[in-house]
Amino acid sequence: MARHHPDNRPLARTGLGLALWSALVAMPSAMAQSTDLSACMAELRPAARSAGVHDATWSRHTAGLQADFSVIEKLNFQPEFRTAIWDYMSALVDDERVADGLARLAEHRQVLERAEQRFGVDPATVVAVWGVESNFGQTFGKYPLVQALGTLSCHGRRQNFFRGEFLAALRILQAGHIPPDRLLGSWAGAFGHTQFMPTTFERLAVDFDGDGRADLMDSAVDALGSTAHFLARAGWQRGLPWGIEVKLPAGIALAGEGRRTKRPVADWMARGVRRTDGSALPESLGSTGLLTLAGPKGPAFLVTRNFDALYSYNAAESYGLAIAHLSDRLRGAGPFVTPWPTDDPGLSRAQRRELQGLLVMRGHEIGPVDGMLGEKSRQAIRLEQQRLGHEANGRGGQKILQALRGG
Ligand code: CA
């Protein structure tokens, strides 16, 4: 909270040294960054009461709560460049994730069949969401949720939105679904196997293992049931595919087409759209939109309303396509038939780790070899690209990997 600091000229006349003077003039911004949330929490308390947060819950979780300004930095972060769709897809849907997904399908077959009976969503789709959301329960985020959402409720943009999530998180703890020390998640408040926001949890989480709690942190069974429930409520239609990859005729007009512009199969047939092997489109698709995420030369898809249900999970078409494609791969399908329109395709996570290993061998300090190409890895890539006479963009693709493999 920005407070105007009292005029400090009188202090200057007392002959204080320069260092102390600097410290004094720096005070207003230091005050604005106080981690003390007590004044803001006091303001929020009446709203919390009327939102069903009991006094005991409130005191237990908000007494002494300190802001974590790293979440505000995340909120304000502007990426220096947009991740290309082929980089995004090659890391999210790689052989490793397909193998892990097949193992999870086998492990949870009975639960997934029960979820399909009850909610109408097939096992491969549910497991694909799980794989993309949390790498099958391996990546949950490390932020204590009450602290992150408390900070976002009092600082930064969208405080009203985050206040609703903050109060929902407190009600989840109050109801005993999740132990307080286990409620960790992303900086923005998504948590657990399926990365639900707290209000999404309250609407849609189910106790699918029957222990009386919906525990999306420590029960994969509850998480799988909750994901199926989410998609069912988002309009998932039992037995309908999400869509198919198609081949577009040369020169097809894409203006005005998209996921939302649904047309009957006969219309697409008349415009020359075919399956990737050139055969007729299946009538069973019903009404579909045309999705192209890399222009007319890249892979193209006809997508049904079930794709819209996947989209609603995270409101991004690239995200929906990653889940859709992973679900197809789990059903035995191969990669897309049409390659992405690039001469430098993306890397799988195994290839990213290999690239990082090659950078380390060349003496670069990049931190852990974890398959995540962060700022240190990108800087090392930039230096190697400069040395090789490539465009120094810091991007890890097949070109730099091949070049470094060759020495
Ligand atoms: Ca449970």
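Residues numbered from 1 in each chain as written. Predicted model: local features only at pLDDT ≥ 70, side-chain atom pairs only at ≥ 80, totals over all residues. Heavy atoms only, no water.

A.B. asks: Go over the coordination of the calcium ion, please, and point to the residues and values.
C.D. replies: The calcium ion binds to the protein through Asp 207 (OD), Asp 209 (OD), Asp 211 (OD), Arg 213 (O), Asp 222 (OD) and Asp 222 (OD); the donor distances cover 2.2 to 2.8 Å. Each of the six donor atoms around the calcium ion contributes to a set of angles spanning 50 to 162°, which defines the coordination as irregular. Counting along the primary sequence, the residues that act as donors to the calcium ion give the motif D-x1-D-x1-D-x1-R-x8-D. Accessibility expressed as a relative area gives 37% for Asp 209, which makes it partly exposed. Owing to a relative accessible area of 42%, Asp 211 belongs among the partly exposed residues under this scheme. (Donors = N, O, S within 2.8 Å, 3.2 Å for Na, K, Ca; no water. Tetrahedral: all angles 85-135°; square planar, octahedral: opposite > 155°, others 65-115°. Buried < 20%, exposed > 50% of the residue type's maximum accessible area, 1.4 Å probe, protein only.)

A.B. asks: Outline the sheet that holds strand β3 (residues 243-247), supporting the account with residue identities and numerical values.
C.D. replies: Here four strands make up an open sheet; going across it, the order is β4-β3-β6-β5 and the pairing antiparallel. This sheet does not close on itself; its edge strands, each paired only once, are β4 (274-275) and β5 (289-292). Where β3 meets β4, two bridges bridge the pair, whose relative direction is antiparallel. Its bridge partner being in β4, Val 246 is matched across the sheet by Arg 275. (Pairing = 2+ DSSP bridges. Helix = DSSP H or I, 4+ residues; strand = E, 2+ residues; numbered from the N terminus.)

A.B. asks: Kindly report on the nonpolar core, identifying the contributing residues and their values.
C.D. replies: Core analysis: the largest hydrophobic core is formed by 86 residues, its most contacted members being Trp 58, Phe 166, Phe 201, Leu 231 and Leu 321. Residues within four places of Leu 321 in sequence aside, it is in contact with Met 89, Trp 242, Leu 291, Leu 293, Phe 301, Phe 307, Phe 336 and Trp 340. (Core = buried A, V, L, I, M, F, W, Y, C linked by side-chain atoms within 4.5 Å. Contact = heavy atoms within 4.5 Å.)

A.B. asks: Give a description of the packing of aromatic side chains that names residues and reports values.
C.D. replies: The full count for this structure, using the stated rule, is 13 aromatic pairs. A ring pair is formed by Phe 196 and Tyr 313, whose centres lie 6.2 Å apart and whose planes are at 55°; its orientation type is tilted. Of this pair, Phe 196 sits in the loop between β2 (184-185) and α13 (198-204) while Tyr 313 sits in helix α16 (residues 305-314), placing them 117 residues apart in sequence. Judged by its relative accessible area of 2%, Phe 196 falls in the buried class. A relative accessible area of 11% places Tyr 313 in the buried class. Put simply, the rings of Trp 242, Phe 301, Phe 307, Phe 336 and Trp 340 touch in pairs and so form one group of aromatic residues. In this arrangement the basic side chain of Arg 114 is found over the ring face of Phe 208, its NZ or CZ atom lying 4.0 Å from the centre. Between Arg 259 and the ring centre of Tyr 311, over which it is positioned, the NZ or CZ distance is 3.5 Å. (Phe/Tyr/Trp six-rings, centres within 6.5 Å; stacked < 30°, edge-to-face > 60°. Lys NZ or Arg CZ within 6 Å of the ring centre and 35° of its normal.)

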